[in-house]
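Single-letter residue listing:
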Amino acid sequence: MLWMKWKMVVDSLRGRRRRLPCFLWFLLLFTAGSLVLFIHRQDLSEMVQQQGSGMMLESTPQQSRETLSTLDRERGKSDNHQTAEGVLPSLVPPMQFPHFENSRQTATPGSREQDINSHHVSKRQRKLLKTSPPIRHATNNVSSSSSSSSSLHSSFSASGSFGPESWIKLTNTLEARQKLMKEMCAKYKSSISRTITHHHVKYLYVVDKYKLLYCQVPKAGCSNWKRTLMVLAGQASNTQSIKHDTVHYDNHLKKLDSFDQQGLMHRLKTYTKVMFVREPLERMVSAYRDKFENPNDHYHSLFGKPIISKYRANASSEALRTGNGVTFKEFVQYLLDGHRPVGMDIHWEQANQLCNPCLIYYDFIGKFENMEEESNFLLRLIRAPHNLKLPNFKDRNPSDKRTSMQLTQNYFSQVSMLERQRVYDFYYMDYQMFNYSKPFKDLY
């Protein structure tokens, strides 16, 4: 009996010796974890203080349906992009757009978009200014010019050169457009296939000499830009002498879909990709006026006859034979018809469907409303000949008044409020992606 009690005491002591190292390990781990948690809480406290001071210094960006960006999303992004090596932002895969400086957004009446006017000069912008072509008539340095509030147009000289202030404003504007495009693509097109085929690039033109890809959007300065591309490609000596039919029907320019898949992808990865857009309803009205209000046998026959046949009651035999005289209301009915008697056309197709900006990263998204300034800015970026500028003449129906927003509103007064809403819905993605505000107050 005594032996049994002694054995129990010995076994108990042995068990304590075995458990003692485990207890020590637990104590050490608990102490280390507490230390890590304390340091992490200190770091969080410092971050909150820094963000709080930044919120006091920064202005609140406007939260609108056109920008669809929130304050939390703006401040939650980190500045992790690298400094650009050239005058344009470095190429990155689709959907990986460069970050840009947060700044106050103000409305630009000419383009009806929320443009960025940054008063902060980033390191990328400083290097861009250093690597840009020589700038004439610029006496101020970057620091002083960046704080000026003079307008973009006034800072351009008569010769087309511009100073550091305009250069910074335009780069900020372009980065803002790219950022908005990224947000819209992530929201609406995140599930699309990432495979680029020849079909996706059928409207892209190539100028190998300047490593330039231009996506044509008709009624957004397309004809004059194609004239400029012909001069860049060495197909013509000047833009003024190139006729409209030569631009569109003589096939002087190479298209990206003419290359094999390897050549196609190489150019997409290494060339500067450009597109210009226009206020969607204004562009649609411009297309209608050009193709249906003026003599045009091709469009009157191909589109006019089936449109009149389906949407005009008691159409005359002459109208059915020629297709002349399609009214704007009939054109709207055709556009909104899910069972159109004839297919879509490039002149009124949505810009995002023509250029696929959610699949193809565009280095430069220009606006028709600022065509002269932004086009000449782009020409300087790609180091085009200094005397080359985008022409601004109107060679088709030159006597017609240019389509404006006021004229667009006059045309849409011919249709019902419901039809106006449906046309806006038809072009809704263009309004969102390219940051145009609603053209009518009664739209939702």
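Up top is the structure these notes are about.
Residues numbered from 1 in each chain as written. Predicted model: local features only at pLDDT ≥ 70, side-chain atom pairs only at ≥ 80, totals over all residues. Heavy atoms only, no water.

Enquirer: Please explain helix H6 (residues 222-232) as it appears in this structure.
Expert: Because an α-helix completes one turn every 3.6 residues, residues spaced three or four positions apart along the sequence face the same direction. Taking burial as the measure, the 11 residues of H6 include 10 buried ones, the bulk of the element. Packed against the buried residues of H6 are strand E3 (204-207), strand E4 (212-215), helix H7 (244-249), strand E6 (272-277) and helix H14 (371-381). Positive backbone phi, approximately 80°, marks Gly234, located one or two places after H6. (Buried < 20%, exposed > 50% of the residue type's maximum accessible area, 1.4 Å probe, protein only. Helix = DSSP H or I, 4+ residues; strand = E, 2+ residues; numbered from the N terminus. Contact = heavy atoms within 4.5 Å.)

Enquirer: Help me out: how do you make sense of the packing of aromatic side chains in this one?
Expert: Each aromatic ring pair is specified by the distance between its two centres and by the angle formed by the two planes. Scanning all chains against the criterion turns up 24 aromatic pairs. Between the aromatic rings of Trp225 and Phe276, the centroid separation amounts to 5.7 Å while the plane-to-plane angle is 35°, which identifies the pairing as tilted. Linking Trp225 in helix H6 with Phe276 in strand E6, this pair joins segments that are 51 residues apart in sequence. Phe276 shares its class with Trp225; the two are buried. Where Phe328 meets Tyr411, the ring centres are 5.5 Å apart and the plane angle is 70°; that geometry is what we call edge-to-face. Here the residue Phe328 occupies a position in helix H12 (residues 328-336), and Tyr411 occupies one in helix H15 (residues 405-412), the gap between them amounting to 83 residues. (Phe/Tyr/Trp six-rings, centres within 6.5 Å; stacked < 30°, edge-to-face > 60°.)

Enquirer: Could you clarify how one ought to interpret the sheet that holds strand E7 (residues 364-367) in this entry?
Expert: The strands that make up a sheet pair up through hydrogen bonds in the backbone, lying either parallel or antiparallel. Strand order in the open sheet formed by five strands is E5-E3-E4-E6-E7, with mixed pairing between adjacent strands. In this open sheet, the two strands that pair with only one neighbour each are strand E5 (254-255) and E7. In this structure, E3 lies alongside E5, joined through two bridges in antiparallel fashion. If you follow Tyr205 over to E5, its bridge partner there is Lys255. (Pairing = 2+ DSSP bridges.)

Enquirer: Teacher, can you tell me more about the pairing of E4 here?
Expert: Taken residue by residue, a regular strand's side chains alternate between the two faces of the sheet. Across the two faces of E4 the burial is the same, with Leu212 and Tyr214 and Leu213 and Cys215 all buried. Of the strand pairs in this sheet, E3 and E4 are connected by four bridges, and their pairing is antiparallel. Looking at the pairing, Val207 lines up with Leu212 of E4. The turn linking E3 back onto E4 is made up of four residues, and Lys211 within it adopts a positive phi angle of 50°.

Enquirer: What exactly am I supposed to notice about unusual backbone geometry here?
Expert: Leaving glycine aside, a negative phi is the common case for residues, and trans is the common case for peptide bonds. Notably, Asn314 is not glycine yet its phi reads approximately 55°, a positive angle. In this structure, Asn314 sits in the loop between helix H10 (297-311) and helix H11 (317-322). Here Arg383, not a glycine, exhibits a phi torsion of approximately 60°, which is positive.

Enquirer: For this particular structure, what's the right way to read helix H8 (residues 261-270)?
Expert: Those residues of H8 that fall on the buried side of the exposure criterion are Gly263, Leu264, Arg267 and Leu268. The buried residues of H8 occupy an angular sector of 130° when projected down its axis, which confines them to one face. Turned more than 90 degrees away from the buried face of H8 sit Gln262 and Lys269, all of them exposed. Of the surrounding elements, those touching the buried residues of H8 are E3, E4 and E6. (Arc of directions from axis to C-beta.)

Enquirer: Just checking my understanding: could you explain the side chain of Gln350 for this structure?
Expert: Residue placement: Gln350 occurs in the loop between H12 and helix H13 (351-355). Owing to a relative accessible area of 12%, Gln350 belongs among the buried residues under this scheme. Residues in contact with Gln350, not counting those within four places in the same chain, are Arg283, Phe426, Tyr427 and Asp430.

Enquirer: What exactly am I supposed to notice about the state of the cysteines here?
Expert: Covalent bonding between the sulfur atoms of two cysteines defines a disulfide. Here the structure, examined in full by the defined rule, presents two disulfides. Paired through a disulfide, Cys185 and Cys358 show a sulfur-sulfur distance of 2.0 Å. Since a negative S-S torsion denotes a left-handed disulfide, the Cys185-Cys358 link at about -85° is left-handed. Taken together, the residues span a long stretch of sequence, with Cys185 in helix H5 (residues 164-188) and Cys358 in the loop between H13 and E7 at a distance of 173 residues. The pair Cys185 / Cys358 is uniform in exposure class, with both members buried. The disulfide that involves Cys215 links it to Cys355, with 2.0 Å between the sulfurs. Across the S-S bond linking Cys215 and Cys355, the dihedral sits near -95°, which makes this disulfide left-handed. You can see Cys215 sitting in strand E4 and its partner Cys355 sitting in helix H13, a full 140 residues away along the chain. For the residue pair Cys215 and Cys355, the accessibility class agrees, reading buried in each case. The connectivity of the disulfides in the protein chain is 1-4, 2-3, where the numbers refer to bonded cysteines in sequence order. Of all cysteine sulfurs in the structure, the one in Cys215 sits closest to Cys222, which takes part in no disulfide; the separation is 9.0 Å. (Disulfide = S-S within 2.5 Å.)

Enquirer: Honestly, the side chain of Gln421 in this entry has me stumped. Any pointers?
Expert: Mapped onto the elements, Gln421 comes out in helix H16 (residues 417-426). At 3.0 Å, the side chain of Gln421 and the backbone nitrogen of Tyr444 are in polar contact. Discounting chain neighbours no more than four positions away, the residues touching Gln421 are Asp442, Leu443 and Tyr444. (Polar contact = N/O pair within 3.5 Å; in protein donor to acceptor, adjacent residues only side chain to side chain.)

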